[in-house]
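Working through the structure, step by step
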Amino acid sequence: MARALELARRGLYTTTPNPRVGCVIVRDGAVVGEGWHERSGEPHAEVHALRAAGERARGATVIVTLEPCAHQGRTPPCGEALVAAGVSRVIAAMEDPNPLVAGKGFTLLRAANVAVESGLMAQEAGELNIGYVSRMTRGRPWVRLKIAASLDGKTALLNGQSQWITGADARRDGHAWRAQACAILTGIGTVKEDNPRLTVRDVETPRQPLRVVVDSRLETPVDAHVLGAGCVIAAAASHVKPMQALQARGAEIMVLPNAAGKVELRDLMLELGRRGVNELHVEAGYKLNGSLLNEGLVDELLIYMAPTLLGDAARGMFHLPELEVLSGQRRLHIVDVRQIGTDIRILARVTPV
């Protein structure tokens, strides 16, 4: 199973919106076939492994990181392919949370007298597809909020200047996280102050994530780098002239207002989920960061801390209401801490309230 997970990771940047899946076929103590899901719309991991195994798949054990599918999508059901190949046993790390599968693949196999087991290295398999699981079970992406800060928790000077607090190694590592996301989100404040491209540049990737801007009043400049094909602007009102100007630059406008005249962030997350976004990577300012955290929409923090101090007047990580009692503090679970170049990277999960 560890080998199957290793194979699945090869699809880290390419399988969206599908899950990352790896498969190993074993017969008489030897590996006779391997495969992984390489990209959406192409054969699944089991099919690649069966092709590699050929006739040696008959009577073999199939080890796969996710329950084989039992429905016709853009590719035929993998469960049927395994039955046709005559395998005797399937060991899956986890059940597929997709309602179209959700145990149906196991049922199909058992009905054909194939022995089925699941649960081996389930946690590791779930982590690899944490965004896919989130979309299938909650209807929205896994939201990872990336922050570059000084040791005193500041992300920009009072005048908005923030490039660059962290070093080149941390920025390159951040681009690797961008690359595995389905979409990158920022706010209009960051667009105006930094004019970011929101593209993956420092690592090789076969695709660019969707670019999403939260811009309630459609204030994005028509010469902003973020515009073009693959850019979505979430607004709170349909202002005709700026909308037409931005659409002429290739942007799609999504109008999702709330009662306060701002973008309804929860509706935005649900819409991104409907569009197949598994992992959403956020690189925004402290105001949007605070809004997302306040509304319970942040799952994970990816924080790069540089060995520098910016002082009290500089901007913090989040714009949050003042606490009067410590019981109101936001609890986090530290998942990983490591040094990246001269900076420290912290990966922390937000504890649900």
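Keep in mind that this is a model prediction, so the values were computed, not measured. (Residues numbered from 1 in each chain as written. Predicted model: local features only at pLDDT ≥ 70, side-chain atom pairs only at ≥ 80, totals over all residues. Heavy atoms only, no water.)

Some thoughts on the nonpolar core
This is how the line gets drawn: By nonpolar core we mean a set of buried residues, namely Ala, Val, Leu, Ile, Met, Phe, Trp, Tyr and Cys, connected to one another through side-chain atoms within 4.5 Å. With a 1.4 Å probe rolled over the protein chains alone, any residue whose accessible area is under 20% of its type maximum counts as buried; one over 50% counts as exposed, and the rest are partly exposed. Comment: elements are numbered from the N terminus, with helices defined as DSSP H or I runs of at least four residues and strands as E runs of at least two. Note on definitions: a residue-residue contact is assigned when non-hydrogen atoms from the two residues lie within 4.5 Å.
Ile25, Val87 and Val90 are the most contacted members of the largest nonpolar core, which has 35 residues in total. Where this core is concerned, the elements lending two or more residues are α1 (2–8), β1 (22–27), α2 (45–53), β3 (61–64), α3 (78–85), β4 (89–92), α4 (104–111) and α5 (122–128). Apart from the residues within four sequence positions on either side, Ile25 is in contact with Ala30, Val31, Val32, Gly33, Ala49, Leu50, Ala53, Ala57, Ala60, Thr61 and Val62. With 34 residues, the next largest nonpolar core counts Val143, Ile147, Val214 and Val350 among its residues.

Description of helix α11 (residues 286–294)
The set of residues buried in α11 consists of Leu288, Asn289, Gly290, Leu292 and Leu293. Against β6 (142–150), β7 (183–187), β8 (210–214), α10 (265–274), β11 (279–282) and β14 (343–350) lie the buried residues of α11. Two residues or fewer after α11 comes Gly296, characterised by a positive phi angle close to 70°.

Overview of the sheet that holds strand β13 (residues 332–340)
Rules: Paired strands, as defined in this entry, are two strands with at least two bridges between them according to DSSP. Inter-axis angles, ranging from 0 to 180 degrees, are taken between N-to-C directions of lines fitted to C-alpha atoms, where helices are fitted over the stretch in contact.
Strands sit in the order β10-β9-β8-β7-β11-β6-β12-β14-β13 across an open sheet of 9 strands; the sheet is mixed. For this open sheet the edge positions go to β10 (252–255) and β13, each flanked by a neighbour on one side alone. Averaged over all neighbouring strand pairs, the angle between strand axes comes to 20°, with direction disregarded. Bridge count for strand β12 (residues 300–306) against β14 is 6 bridges, and the pairing is antiparallel. Its bridge partner lying in β14, Met305 is registered against Ile344. In the packing of helix α6 (residues 130–138) onto the sheet, the strands contacted are β6, β11 and β14, and the crossing angle to β6 comes to about 130°.

Digging into the pattern of salt bridges
This is how the line gets drawn: Any carboxyl oxygen of Asp or Glu within 4 Å of a side-chain nitrogen of Lys or Arg constitutes a salt bridge here.
According to the stated counting rule, one finds 23 salt bridges in the structure shown. For Glu34, the salt bridge is made with Arg3, and the minimal N-O distance between the two is 2.9 Å. Taken together, the residues Glu34 in strand β2 (residues 30–36) and Arg3 in helix α1 connect sequence positions 31 residues apart. In this structure Glu34 comes out as partly exposed when scored by relative accessible area, which is 29%. We note a salt bridge from Glu252 to Arg275, for which the minimum N-O separation is 2.6 Å. Linking Glu252 in strand β10 with Arg275 in the loop between α10 and β11, this pair joins segments that are 23 residues apart in sequence. The partly exposed category is assigned to Glu252, whose relative accessible area is 35%.

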